[in-house]
Each structure stands twice: as C-alpha cells, then as structure tokens.
Amino acid sequence: MKLQRTNRLRALSLGAVAVSGALALTACGSDDTGNSNGGSSSAPANSAIKCDNAKGQLQASGSSAQKNAIDAWIKAYSASCKGVQINYNPTGSGAGVTAFTQGQTAFAGSDSPLKPEEVTAAEKACGGNKAIDLPMVGGPIAIGYNLPGVDSLTLDASTIAKIFDGKIKTWDDAAIKKLNTGAKLPSTKIQTFHRSDDSGTTDNFTKYLKAVAPSDWKYSGGKAWQASGGQSAQGSSGLAQQVKQTTGAISYFELSYAGDGVNTVDLKTEAATPVKATVENATKAIATAKVAGTGKDLSLELNYKPTEEGAYPLTLVTYEIVCEKGNKADTLAATKSFLTYIASEDGQQQLATAKYAPIPDEIITKVRETISGLS
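Chains are numbered independently. Their residues run from 1 in the order of the written sequence. In keeping with the predicted nature of the model, local features appear solely for residues at pLDDT of at least 70, side-chain atom pairs appear and are counted solely at 80 or more, and the whole-chain, interface and lining totals rest on all residues. The basis for every side-chain value is the complete set of heavy atoms in the structure, and neither hydrogens nor water enter the calculation.

**Student:** Just to check I follow, could you spell out the pattern of salt bridges for this structure?
**Tutor:** Pairs can form between side chains of opposite charge whenever their charged atoms are close. Salt bridge criterion: a side-chain nitrogen from Lys or Arg within 4 Å of a carboxyl oxygen from Asp or Glu. The tally for this structure, following the rule as stated, stands at six salt bridges. K207 is the partner of D203 in a salt bridge, and the nearest nitrogen-oxygen pair spans 3.6 Å. With a gap of four residues between them, D203 and K207 both fall in helix α8 (residues 200–212), about one helical turn apart. Taking the relative accessible area as the measure of exposure, D203 reaches 6% and is therefore buried. Each helix corresponds to a stretch of at least 4 residues labelled H or I by DSSP, and each strand to a stretch of at least 2 residues labelled E; elements are numbered beginning at the N terminus. In this scheme, a residue with accessible area under 20% of its type's maximum is buried, one over 50% is exposed, and one in between is partly exposed, where area comes from a 1.4 Å probe on protein chains only.

**Student:** Honestly, the side chain of Q66 in this entry has me stumped. Any pointers?
**Tutor:** With respect to the helices and strands, Q66 occurs in the loop between β2 (56–62) and α3 (67–80). Contact criterion: two residues are considered in contact whenever any of their non-hydrogen atoms come within 4.5 Å of each other. Apart from residues no more than four positions distant in its own chain, Q66 is found in contact with Y88, G109, V137, T318, E320 and Y356.

**Student:** Quick question: what am I supposed to make of the packing of aromatic side chains here?
**Tutor:** Pairs of aromatic rings are described using the distance from one ring centre to the other and the angle between the two planes. Note on aromatic contacts: the rings of Phe and Tyr and the six-membered ring of Trp form a pair at centre separations within 6.5 Å, being stacked when their planes are under 30 degrees apart, edge-to-face when over 60 apart, and tilted otherwise. Across all of its chains, the model carries 13 aromatic pairs by this definition. Residues F205 and W225 carry aromatic rings whose centres are separated by 6.4 Å and whose planes lie at 15° to one another, so their mutual orientation is stacked. Separated by 20 residues along the polypeptide, F205 in helix α8 and W225 in the loop between α8 and β8 (231–233) bring together distant segments of the chain. For the pair F205 and W225, a shared accessibility class is recorded, and that class is buried. Each residue in the set F164, F205, W217, Y219, W225 and Y252 is aromatic and connected to the rest through ring pairs, giving one cluster.

**Student:** Looking at this structure, I do not really get the nonpolar core. What am I missing?
**Tutor:** For soluble globular proteins, nonpolar side chains are generally found buried alongside one another. Here the nonpolar core consists of buried residues drawn from Ala, Val, Leu, Ile, Met, Phe, Trp, Tyr and Cys, with membership extended through side-chain atoms lying within 4.5 Å. If you look at the biggest cluster of nonpolar residues, it comprises 102 residues, and the most contacted ones within it are W73 and M136. Broken down by element, the residue count for this core peaks at nine residues, all from strand β5 (residues 131–145).

**Student:** How should I be thinking about the pairing of strand β9 (residues 249–254) in this particular structure?
**Tutor:** Moving residue by residue along a regular strand, the side chains alternate between the two faces of the sheet. Within β9, six of the six residues are buried, which leaves it mostly tucked inside the rest of the structure. Whether two strands pair comes down to DSSP finding at least two bridges between them. As paired strands, β5 and β9 are joined by five bridges and run antiparallel to one another. In the strand pairing of β9, G144 is matched with S251. Bridging between strand β7 (residues 191–195) and β9 involves two bridges; their strand directions are parallel. Bridge assignment links T192 to a residue of β9, and that residue is I250.

**Student:** When you look at the environment of K82 in this model, what are you seeing that I'm missing?
**Tutor:** Looking at the secondary structure, you find K82 in the loop between α3 and β3 (84–89). With a relative accessible area of 67%, K82 lands in the exposed category. Note: C-alpha distance between K82 and G56 (26 residues apart in sequence) is 9.5 Å.

**Student:** Sorry, what's going on with the state of the cysteines here?
**Tutor:** Simply put, disulfide is the name for a covalent bond between the sulfur atoms of two cysteines. The disulfide criterion is simple: two cysteine sulfur atoms within 2.5 Å. As enumerated under the stated definition, the model contains two disulfides in all. Paired by a disulfide, C51 and C81 hold their sulfur atoms 2.1 Å apart. Judged by the sign of its S-S torsion, about -95°, the cystine formed by C51 and C81 is left-handed. With a gap of 30 residues between them, C51 in the loop between β1 (36–37) and β2 and C81 in the loop between α3 and β3 connect regions that are remote in the sequence. Relative accessible area serves as the criterion here: at 2%, C81 is assigned to the buried category. Between the sulfur atoms of C126 and its disulfide partner C323 the distance amounts to 2.0 Å. Disulfide C126-C323: torsion about the S-S bond near -80°, hence left-handed.

**Student:** How do you make sense of helix α12 (residues 345–353) when you look at a structure like this?
**Tutor:** Residues spaced three or four apart along an α-helix face the same direction, because each turn holds 3.6 residues. Turning to α12, its buried residues number three or more, namely G347, Q348, Q350, L351, A352 and T353. K355, located one to two residues past α12, shows a positive phi value of around 70°.

Any link to function would need more than the numbers given here.
Printed below as a string of structure tokens:
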C-alpha cells in the first residue's frame, strides 16, 4: 500500500521547535563510539511511560544512524523506569545484526531490513522462531560538505555518483558549475569520505544512487562500500568529524550529525526547486514508502523517486530487530516496555527535535500492535 501522510505529521515536524531545546542538545551532541547508559539520566519522569515490571540490563547495538534518537529515548525512559539500565552500542548496522543473531543482544538497530540469510541466522537466537523488522526511526541522509565561501550548494544524483566514484575531482568541475550558476566555486580538490564499517547508511545512500542514476553508479550496493578511492571513517560521527576538519570534504550521514561547520547539499530532483535536507521534506518522501514485509515483519520499500514537490528522496528508515517469539525471558519485559515507549506517540514526537522523522501513522500503529504481542 502507498502511505498517504496527513497534515498531522507535518505538524509534528514543524511543532518540534516548541519542544525544549535541552533534548536536542543532548541528542545532537552525542558521539557514536560508546555505550548509552540510561541510568545516569536526570530527566523528569514521564507518566505516559509504562514500565510493566521491567528490570535489569538491556543490551542492544547496531545502527549509528539512530544513536542520537536512542540517547534521547533512553534519557526519558530511564527517568521513569529506574530499574532498567539500557546500553546501546552504535557499532553499525552490520555488526549489530551479527551480535543479535549470535544471541548477544535483546534487539538490534539496522538501517536496512534483514536479508534472507540473516533471517535464517536469527532463528537460533529466537529459539527457532522468526526475527522481525520494526520501523522506528526515519530521516534524511544529508550530504555534508566543507567548502569555505560556498554556503549553498545544489547537486543531482548523477553528479553525486560521479563525485563518489572519483570521476569528478575538483569543486569547479563543469557539472557542478552547471547546477550552481553564479556560485564562486574554487578549484579545491574534492575529498570524499565513506564508512569504513558495514553500514545501513551506506546501503541506503547507494540504493538511492542506483535507483536515480544507474548509468553513473554501477555498483551492486550493500552495507559495505564498494567504490574505489576516497577515504574512510568509522560511524556517522566519524564521517561528520572528517568533513568538519577537512577543506574540500564531502560525505553522507544522518541530518542529526550535521552540526556546526557542516553545510548540507540541496538535491536537484524532478521538482521545480532543489530540495533541502530537512525532517519535514524527508517525511514527505517516507510517506510514499510501501510495506514489503510479510506477516508481522514491517520492512519497507522506500521510494527514491517521489514526485511530490519538496520531498527529499535520500532517506533511510532504521528498524529495531527483535524476535517475534522466543525472546529471552529475563529481558522480555524490558524489551517490550522500551520498544512500546519509543513507538508511542510521545516517543515518536521526540524524533523531530533530534532531526529525525516520525514513522507514518499507518505503519507505527502496526508496530505498536506487533510489540504488544512479542513473547
């Protein structure tokens, strides 16, 4: 089915500015190289959070894309459920899925749904049962760049593909000039950065290039970077840091990592006006996704060619991967309690504050129903 967004989701994104700035600072200022320990939270308790006798330690790992959202969620949840200590390690989607299939964590975060071979591998951790993908976090993948004197830059998928494939080497290349008439583009060498670890962000970034510029991006795609050349860094925060400190740099990472010193590219699409990387614009694109999973699995097929004006097509959805049945008894209560909170209306409202997009109503309602039946 095609998901049609209502004005309510736009209101969530626009209304985020009214939410306390303290949470945004906490979320966006975090690093994605360590664990999150909810026990140190000083946030006020939230009566809407139901602990349901949850207690003990909850170990999870995976996507660094959602790390800033997880930080905010843990802070709010731990203030109400003081008997639960949640540790989320942003090791990257690939490592997170591996840890989950090996039975080391209660759930995994991944920016790509499970592949068939990963579903099979997860059956052992789930006691012979199926692991499922629960979409929980949406948002734009920003293309950040560092080019002094150039505060606004427009690129299209073809040009981006050529840049990251090493075919466009300087910032004053004719293809870039054509998209930025009037801009004073220097002859600075382009420094591309990609993820060194297996990453769902890489998977989604290259899926976009394959879908929109197939003649310029010939690689098969996946969580591992395949193009030659360029430089690498660990995690989304590692890429953002490299862009901040390297003149001429360009890379890809979630909007929440684009802070001081990092400008983001506007995407030239079929629409009349280039589209900025914003939560609201990503929401418009994610709303056109289709459910691709079967049964309780709610993996989505993203639309990289939305026709709606203002829809930012370079997006990702992060899934929490959990056993449908066969979850470990000692962590089941905490897993259900925490996932119930982050899928709740209150939990989803926190996302826009941290520069993420809420999951469409039609889908998040099914996510809530699925969580309630976990066993």
